[in-house]
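# Close look at the chain arrangement
Each chain, letter by letter, is given below.
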Amino acid sequence: MNGKKLFGTNGIRGMVNKELTVELAVKVGLSVGTFFSGKKLLIGRDARTSGAMLTKAVTAGLVATGCCVFDAGMAPTPALQYAVKANKLAGGVIITASHNPPEYNGIKVLWSDGVEISHEQEDQIEQLYYEGKPRLSEWHNIGLISKLQGVNREYVEAVKTHVNVNLIATKRFHVIVDPANSVGSLTAPRLLKDLGCKVTTINANIDGTFPGRMPEPRPENLHSLAATVKTLGADIGIAYDGDADRAIFVGETGEVYMGDKTFALIAKSFLQKNPGARIVTPVSSSTLIKDVAETYGGEIVWTKVGSVTVAQKMKELGAMLGGEENGGVFYGQHQPVRDGAMTTALILEIMAETGKKLSELIGEQPQYFIEKGKVECPEEKKEKVLEKLRAQTSSLKTSTIDGVKIWFDDGGAILIRPSGTEPVYRLYAEAKNSEKAARLIEKYAAMLKQIIQSI
Ligand code: MG
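Residues numbered from 1 in each chain as written. Predicted model: local features only at pLDDT ≥ 70, side-chain atom pairs only at ≥ 80, totals over all residues. Heavy atoms only, no water.

## Structural notes on the pattern of salt bridges
Note the threshold: For salt bridges, the criterion is a side-chain nitrogen of Lys or Arg within 4 Å of an Asp or Glu carboxyl oxygen. Strands here are runs of E lasting at least two residues and helices are runs of H or I lasting at least four, both read from the DSSP assignment and numbered beginning at the N terminus. Note on exposure labels: buried denotes an accessible area under 20% of the residue type's maximum, exposed denotes more than 50%, and partly exposed covers the range between, all computed with a 1.4 Å probe on protein chains only.
Counted by the stated rule, this structure contains 28 salt bridges. For the salt bridge of Glu157 with Arg153, the shortest nitrogen-to-oxygen distance reads 2.2 Å. With Glu157 and Arg153 both in helix 5 (residues 151–160) and four residues apart, this pair spans about one turn of that helix. Classification of Arg153 by relative accessible area gives partly exposed; the value is 34%. Among the salt bridges present, the one from Lys436 reaches Asp410, with a minimum N-O distance of 3.5 Å. One end of the pair, Lys436, is in helix 15 (residues 434–454); the other, Asp410, is in the loop between strand 18 (404–407) and strand 19 (413–418), and 26 residues separate them in sequence. With relative accessibility at 42%, the residue Asp410 sits in the partly exposed group. One network of salt bridges, in which partners are shared, links Arg153, Glu157, Lys160, Arg190 and Asp194.

The following block contains the structure:
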């Protein structure tokens, strides 16, 4: 953040008191306030130790430009997004670093519909930030700061309106929930209780040092959850990331499922109820989603990788479902943003409607095996390499929206993308067995190396 790009793929992120300082937060507040020019804005945060400090710093900047600020306190990102829309505010700011370790924090900016602002709007704020000439108010027009109560409760109520609560309640599911000591603790147990579930929590005391586990819901962080589900004989385990916009599920067997497996279940159920609908997903998603769309009559709209891109595409098309392989599901009837509680309610509804266990539902889907690889590539060569790679693969079934994605007739696929942060190309292959996936990595890594040498 030293005179370089302020916004990354998910807003402003950095290590607290290193890159992300109080001074920077005040300046961001001034820039965002100038951008919204005196309107009413929401602010809220996740459970990080630096959250209150950064909230106050950003708030100071916002009110200095004449914006009125409603502080919703701690809440999941989707609850804050819902609150912006429900309270008819002009926008909002969320202090969160989502899945990053506790020493990080971040700043996200929302539009009046609760969706994160577009990258073009981020550029405008960034320009204001670097110009350093905020539109300061006269002393008598400084904005007011008020508290906004009840955001979490209203969000839970809104989620419930989109599922069959009575049907889910008849099943009396035993659910183990692990919100990573963050804001999912404020909504998920409440929602599950309202859905008639027996709720057991782990890591559900708010603690911004994240003592229970790291906030990224990866299998290696979810051993306690998986073991608890198995030991207690529960029906399902649910883990959220640090701001509870993503949900990862554990079956009754203790197996942790990758996000695209549960997204595919939701996509199938959605297409059965909404035939022909469009589903928005990044090219990094599994072929499973494509299979579901082909089988149940839906249309996939592929996007670049990144949740903001998916949300913006859904807005543009009026699409009602989106999803990512990391456990982010966007349910447009509620709001076109990643939403951990909404995803939870949808998965429980599917279990209730089908009468099947989660492992059975996942087991019915086509199985894919994933392999990953990387090839070093100097920054200055990246673009030329991509051009050549596109040319060499143009006779295949590809998408070039973000790197190159190739689909093969035997169900395999590979995504080859330049990393945004390191001088490497990354390869993600999937196939019906792990040997095939490994062979795809081998073949395309060799092709990449050859291209890189030729430039
Ligand atoms: Mg998140």
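## Some details on the sheet that holds strand 19
Inclusion rule: Strand pairing requires that DSSP identify at least two bridges connecting the strands. Angles here are taken between N-to-C directions and fall from 0 to 180 degrees, while the axes themselves are lines fitted to C-alpha atoms, restricted in helices to the stretch in contact.
Strand order in this open sheet of five strands is 16-20-19-18-17, and the pairing throughout is antiparallel. Each edge of the open sheet is held by one strand with a lone partner, namely strand 16 (369–376) and strand 17 (397–399). Strand-to-strand, the axes of this sheet are offset by a mean angle of 15°, without reference to chain direction.

## Details of the environment of Gly51
Stated precisely, the cut-off is as follows: The criterion used for residue contact is that any of the two residues' heavy atoms lie within 4.5 Å.
Relative to the helices and strands, Gly51 is located in helix 2 (residues 51–64). Spatially, the C-alpha atom of Gly51 lies 9.4 Å from that of Gly73, the residues being 22 residues apart in sequence. Those residues in contact with Gly51, other than ones at most four positions away along the chain, are Arg45, Ile95 and Asn105.

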